[in-house]
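# Inside the fold
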Amino acid sequence: MRTWVFRVLAGAGVAGVIAAVVVMWVSWKGDVDPAGATIGLASLIVAAVSLWQSRTGPRPSSPAVDPADVLAVDPPEQGDRSQVSDSAGSAGLPSPAAAAPAYPPAVPATTDRRALPNAATLTVPAGLPGLPRPPAAVFLGRRQVLTRLRKTLTTTPKTPGKPPAARPAGSAGVEPVVITQAAVYGLGGIGKSELALQYAAGHRDAYRLVWWIEADSPAQIQTSLAGLTRAICAGADSVAAAAATVEEATDWALAWLAAHPGWLLVFDNVEDSGDLHPYLGRLTGGHVLITTRRDTGWRDLGCTPISLEVLDPEPAQRLLTRMIIQAHPTRPPGRGAPAHKAGPAESAELAGLAEDLGFLPLALTQAAAFIARTPGMNVTTYRALLRDNPGKAHAAAPPGGDGERVIAQVWTITRTRIAAQNPLAPRLLALLACYAPDQLPITVLHHLPDADELQIGQALGLLASYSMITISPDSGTGSDAVSVHRLIQAVTLNDLPGHERQTVHTRAADLLTAELPEDPDVIGSWPAYRRLLAHARAALPPRSPAMSQVIDYLYASGDYATAKTLQHQRYQAQLDHHGPEHPDTLFAQADLASYTGMAGDVAGARDQFAA
Ligand SMILES: Nc1ncnc2c1ncn2[C@@H]1O[C@H](COP(=O)(O)OP(=O)(O)O)[C@@H](O)[C@H]1O
Ligand SMILES: [Mg+2]
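An account of the accompanying structure is given in this report. Small disclaimer: the values here were computed from a predicted structure and weren't measured.

## Quick notes on helix H23 (residues 583-598)
The terminal C-alpha atoms of H23 lie 22 Å apart, and with 16 residues this matches the ideal 22 Å at 1.5 Å per residue to within 8%. A positive phi of about 105 degrees marks Gly 600, the residue just after H23.

Written as structure tokens, this is what we have:
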């Protein structure tokens, strides 16, 4: 819409607010006339929308369907509210697809935007890593499941209607047309992501492209796919790629994948199989590997489910042995043990410890790191410590059987030790537990007021040496990013008394707020927002100004679906806090209706405006 329209809307908005308040006041004074009150409330909402439109000015992108148009507030002849509602009936509404061309695409005013390059013509840039971190150096006991996984992915599905393999393994060793999909499922900490990493790294040469997708939420899936576009376009037209909306970039990635068969996509930690619906149907010519804690719904999506169990006793014991004895050949695992090889008594202790830890790889690696790092510690003593720390059962952790209890036990022991060595380390871990588990830019922590970068680096190094966190390079910035396993996050937070937990959450939100670039409308700020989005969702209170900034970024960058989801939480929080008639609630409701319309749900937008 043009500027004069906004001026008119601003005037109408102010007048509307006054008129609405008068109408409502009169209605309520007169022993509550429901019709009058309804008209007054509706006018107030419409006025709020007008004010909102004028407050925000011409947004960098225009909606596919402008909610103001849905409500038909512009044409003067549509006068009263009932007419407005009627005109917004489904028969009169344009479908989102039909309406889309009537509006300009999302174009932030200050930027240079151009079309993305032709997907068919670009090849994978040399050296594209595609994986979030290198696979673990010590990886034991998964030979059979790896073989099964490879077989599943390389066997042409016999599903009726699926096109047959057009040619044998091509340059990338993958059937060019078919898609094969495997879903590895199991408890948290059992080794699903590690298995996927090992598979991807081990077979990297068989694929044209390997790409890792953080798949906890639909927004993260989109962001990771859009990241593929930016990675492929980096050498050709990085400006166009940086400026593309998340939807454009995601569509481009899917077009590129369709044009270049022979890839492997890893969707890591899918929470809901439905989140993959929009993609799996559109992907052909590659392999899809899913990791998930959910054990149902995969066959319906054409995926072969593969169950991952805890390690067998023998590799579990070997894992402990390798990490404890071979990391420190001079330190025996128990009293009187030989330097390099465990004797029968020590082997029995190692086997016992593996069992105490439920053969869970996450617990095994952490316990082994603790024993290997702690002077004077041996397996026997550690087992005694475990018995003295039964571990709290807690509700905060995701469902995962005994895994949480064991991880809680291990954490209790480790926390005491690292707190004695460096009190900043447990504080940092508690903060890290408030963000999304993967890839928090380390620069967020640098906003801590009472620790400098060196101290933070030392404390993180200590946590990493105890296998509590993983530090990996952040490909976007050249600095580092920190990942913490979800189970460790859960037990860390659960371990804090209620008031401390609240303080830590507040501090985590403050640090993240300080890291957010100021102007979410400017394309130059988008890469930072993209990297911080998952963490912002985890850490920022819905009513905070910082969350509003994040939603503005989503709006500006064209991710209307996520903008709508977050705005819904914001509206609900305003409603709970202020009640239904407070201006903040009404503004939040108007914004929600707007994003709902732009996300393609025109009828939903109408209902929200009319509510
Ligand atoms: N087979 C294995 N051998 C050695 N370490 C393993 C193995 N499987 C997993 N790990 C380690 O255990 C930890 C948890 O594994 P992860 O893959 O993150 O679990 P999940 O994804 O199932 O929650 C990681 O540190 C990983 O490196
Ligand atoms: Mg995982």
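Additional details are given in the paragraphs that follow.
## Here we look at the nonpolar core
If you look at the biggest cluster of nonpolar residues, it comprises 112 residues, and the most contacted ones within it are Tyr 382, Leu 428, Leu 460 and Val 550. With eight residues, helix H21 (residues 545-556) is the single largest residue contributor to this core. Looking at this core, you find at least three residues from each of domain 2 (119-307) and domain 3 (518-610). Filtering out sequence-adjacent residues up to four positions away, Leu 428 remains in contact with Leu 445, Leu 448, Ile 456, Ala 459, Leu 460 and Leu 463. Grouped together as the second largest cluster of nonpolar side chains are 40 residues, Ala 215, Ile 221, Leu 265 and Leu 301 included.

## What about the site of ligand 1?
Taken together, 19 residues lie around ligand 1, and Leu 140, Gly 189, Lys 192, Glu 194 and His 485 are the ones closest in. Here Leu 140 contributes a backbone N or O atom positioned 2.8 Å from a nitrogen atom of ligand 1. Of all the secondary-structure elements, those providing two or more residues to the shell around ligand 1 are helix H7 (192-202) and helix H13 (361-373). Looking at the shell around ligand 1, its residues break down into 10 nonpolar, six polar and three charged.

## A closer look at the sheet that holds strand S7 (residues 470-473)
Read from one edge of the open sheet, three strands run S6-S8-S7, paired in antiparallel fashion. Among the strands making up the open sheet, the edge pair consists of strand S6 (440-441) and S7. Across two bridges, S6 lies against strand S8 (residues 480-483) in antiparallel orientation. Each bridged residue has a counterpart across the sheet, and for Leu 440 the counterpart in S8 is Val 482.

Quick notes on the rules
- Residues numbered from 1 in each chain as written.
- Chains lettered and ligands numbered in written order.
- Predicted model: local features only at pLDDT ≥ 70, side-chain atom pairs only at ≥ 80, totals over all residues.
- Heavy atoms only, no water.
- Helix = DSSP H or I, 4+ residues; strand = E, 2+ residues; numbered from the N terminus.
- Expected span 1.5 Å × (residues − 1).
- Core = buried A, V, L, I, M, F, W, Y, C linked by side-chain atoms within 4.5 Å.
- Buried < 20%, exposed > 50% of the residue type's maximum accessible area, 1.4 Å probe, protein only.
- Domains from an automatic or database assignment.
- Contact = heavy atoms within 4.5 Å.
- Near = heavy atom within 4 Å.
- Polar contact = N/O pair within 3.5 Å; in protein donor to acceptor, adjacent residues only side chain to side chain.
- Nonpolar A, V, L, I, M, F, W, Y, C, P; charged D, E, K, R; others polar.
- Pairing = 2+ DSSP bridges.

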